[in-house]
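Commentary on secondary and tertiary structure
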Amino acid sequence: SPRAVLVLTPMLVGLWARCVVSRQPNFIVILADDVGWGDLGANWAETKETPHLDQLAAEGTRFVDFHSAASTCSPSRASLLTGRLGLRNGVTHNFAISSLGGLPLNETTLAEVLREAGYSTGAIGKWHLGHHGRHHPSSRGFDFYFGIPYSHDMGCTDSPGYNLPPCPPCPRHGTTARVARKDCYTEVALPLLENVTIVQQPVELGSLARRYTEEAARFIQRASDSGRPFFLYLALAHMHVPLSPPLPPAPGRDIYGASLSEMDVLVGRIKELADSLGRGSTLLWFTGDNGPWAQKCELAGRLGPFVGAWQRQRGGSSAKQTTWEGGHRVPALVYWPGRVPARRTSHALLSVLDIFPTLVALAGAALPPNRRFDGLDVSPVLFGWSDVGHKVLLHPNSGAAGKVGEVEALRLAQYKAFYTTGGAMACDGSTGPAERHQPPLIFNLDRDIQEQEPLDVASREYQAVLPALSRAYAQALQDIAADNVSVADYSQDPAAIPCCNVQHVGCRCRGTPGGLGSSWDPHVEKRTPRLCL
């Protein structure tokens, strides 16, 4: 009977999944930074710098309605590693270089679950979820860490790369005159960590992509030699400013394009490493943490068609920090030969939130108890058995108008409601007026992907969809209020700043760049300032 089919289908899906995944697969999650939906040639024909990513799309499945869980760094990463929105996991805005806290310790990370299931776990690249004490990645489930504990614009370097406004290099002498620059960190050098040791301060940005690739190869080889499955979380510096392409752009090529090409080559190399382990042994998931940083002008990414035209007409950004599509709709590719169909495009409504429950399920592990998750196990969508994702997706404020972390937009099928708009800076310096919308602005994305013309409040379509959107919004907030929610500690202390040598200006390491010699230990709680200013 039809009822019997409906009841058995989820059971059959579960059985089929176990047949498809006969052993624990390896997982590689590559998270690009500030990447635009249009930064992939597979998404946007005008982009020509991504042949390796385009090949990845051709050999796997491309998800065109895939979203970050927030439109800025720390909240998006916290949601990826917990499967929970910032209103649940406590991370609603970015952490600072002097933050004492981080992702709350009562939140369970994906690495912790997978390590308990027998996985070797490694994180390479940007962390930005707290680095002081037990918030360091080595205490959050990762056996190995190599990278920068926050964004790579949050410290000075000797070769600052390309940024707007441009930032000066690190001071080299205590008597050097220091000029305060808006949005520039001029006093403390950017650190590079291997586990809990600072191996370079300041970081040499021009060699960072190469070093990340080398460390990824070493981690994969060690895990392969151990005979254990592995989880590698590779959080790239690309495409966040400052941009540091390996060579000056060739004539006719822009700086952003040269950096995008470098990222593409890096991803291609990681795919080669995955393929070398044997066909079908490794799932590779590529996506982004949020959309382009519009105020960086020509150093920002490409939105594709998701331009947020309604907001642009009023001034301000419709990308990073905002709840417009350009702020949270990100590229997403999944590659798993023999498991995930090749040359497939999925229109399922998916999210970075889904990575946690999906990988946990594929590993044969269980979700942590006593909490609710915003992500879904979307393995049936990955395998091509379904193209149904979320019914409702919440979009929190990530630094634009409104309270940080609060749900300011909501997606229900093809409809999207906005409760607050404005407040994020565009390239021209405008922010657009902060506006509260009651009743909400509602767009039909099937007809208006540019979010240009909201539905007329008096129209039959608006009146028909408003009750469903209002119910979904109220139910979501009730569900969060009834959950076991966490609160992040955003307090700061200069003692928490990673410093290789407090006796050197800018915390510069002794000897040659890259030399060991750190005295900083994130696990030692010290209240005395350790920073030479």
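Quick caveat: nothing in here was measured; it's all calculated off a predicted structure. (Residues numbered from 1 in each chain as written. Predicted model: local features only at pLDDT ≥ 70, side-chain atom pairs only at ≥ 80, totals over all residues. Heavy atoms only, no water.)

Below, the discussion takes up the state of the cysteines. All told, the structure shown has five disulfides when counted by the stated rule. In this model Cys-156 forms its disulfide with Cys-170; the gap between the sulfur atoms is 2.1 Å. Looking along the S-S bond of the Cys-156-Cys-170 disulfide, the torsion reads about 105°, which is the right-handed sense. Taken together, the residues span a long stretch of sequence, with Cys-156 in the loop between β5 (144–147) and β6 (192–194) and Cys-170 in the loop between β5 and β6 at a distance of 14 residues. For Cys-156, a relative accessible area of 2% translates into the label buried. Given the relative accessible area of 7%, Cys-170 is considered buried. With a sulfur-sulfur separation of 2.1 Å, Cys-500 is cross-linked through a disulfide to Cys-509. Disulfide Cys-500 to Cys-509: torsion about the S-S bond roughly 110°, handedness right-handed. With respect to burial, Cys-500 and Cys-509 carry one shared label: buried. Here the protein chain pairs its bonded cysteines, counted in sequence order, in the arrangement 1-3, 2-4, 5-6, 7-9, 8-10. (Disulfide = S-S within 2.5 Å. Helix = DSSP H or I, 4+ residues; strand = E, 2+ residues; numbered from the N terminus. Buried < 20%, exposed > 50% of the residue type's maximum accessible area, 1.4 Å probe, protein only.)

A few words now on the pattern of salt bridges. Evaluation of the coordinates by the stated rule reveals 27 salt bridges. A salt bridge links Arg-88 to Asp-374; its shortest N-O distance comes to 2.9 Å. Of this pair, Arg-88 sits in helix α4 (residues 86–89) while Asp-374 sits in the loop between α10 (355–362) and α11 (379–382), and the two are 286 residues apart along the sequence. One salt bridge connects Glu-272 with Arg-269, and the closest N-O pair in it is separated by 3.2 Å. Here Arg-269 and Glu-272 lie together in helix α7 (residues 255–276), a separation of three residues that amounts to about one turn. Residue class for Glu-272 comes out partly exposed when judged on its relative accessible area of 47%. Salt bridges linked by common partners bring Arg-84, Arg-88, Glu-107, Arg-372, Asp-374, Asp-479 and Asp-483 together as one network. (Salt bridge = Lys/Arg side-chain N within 4 Å of Asp/Glu carboxyl O.)

Taking 1.5 Å as the rise per residue, helix α6 (residues 208–226) with 19 residues should run 27 Å; its terminal C-alpha atoms sit 27 Å apart, in good agreement. Considered for burial, the residues of α6 that qualify are Leu-208, Ala-209, Arg-211, Tyr-212, Thr-213, Glu-215, Ala-216, Phe-219, Ile-220 and Ala-223. Two residues or fewer after α6 comes Gly-227, characterised by a positive phi angle close to 80°. (Expected span 1.5 Å × (residues − 1).)

Here we take up the packing of aromatic side chains. Counted by the stated rule, this structure contains 18 aromatic pairs. Taking 4.6 Å as the distance between ring centres and 10° as the angle between the ring planes, the aromatic pair formed by Phe-95 and Tyr-490 counts as stacked. Separated by 395 residues along the polypeptide, Phe-95 in the loop between α4 and α5 (110–116) and Tyr-490 in the segment after α12 (460–481) bring together distant segments of the chain. Just above the ring of Trp-293 sits the side chain of Lys-296; from NZ or CZ to the centre is 4.7 Å. (Phe/Tyr/Trp six-rings, centres within 6.5 Å; stacked < 30°, edge-to-face > 60°. Lys NZ or Arg CZ within 6 Å of the ring centre and 35° of its normal.)

Turning to the nonpolar core, a few remarks are in order. Inside soluble globular proteins, nonpolar side chains tend to come together where they are buried. Core analysis: the biggest nonpolar cluster contains 53 residues, and Ile-28, Ile-30, Met-263, Ile-270 and Phe-286 have the highest contact counts within it. Breaking this core down by element, the ones donating at least two residues are β1 (26–32), α2 (51–59), β5, α6, β8 (230–235), α7, β9 (282–288) and β10 (333–335). Sort the elements by how many residues they give to this core and α7 lands first, with eight residues. When neighbours within four sequence positions are excluded, Ile-28 is seen to be in contact with Ile-220, Phe-230, Leu-232, Ile-270, Ala-274, Thr-282, Leu-283, Leu-284 and Trp-285. Counting 50 residues, the second-largest nonpolar core is a separate cluster that includes Leu-80, Leu-103, Leu-110 and Leu-114. (Core = buried A, V, L, I, M, F, W, Y, C linked by side-chain atoms within 4.5 Å. Contact = heavy atoms within 4.5 Å.)

What follows covers the environment of Leu-362. Secondary-structure assignment places Leu-362 in helix α10. Between the alpha carbons of Leu-362 and Asp-377 there is a distance of 8.9 Å; along the sequence they are 15 residues apart.

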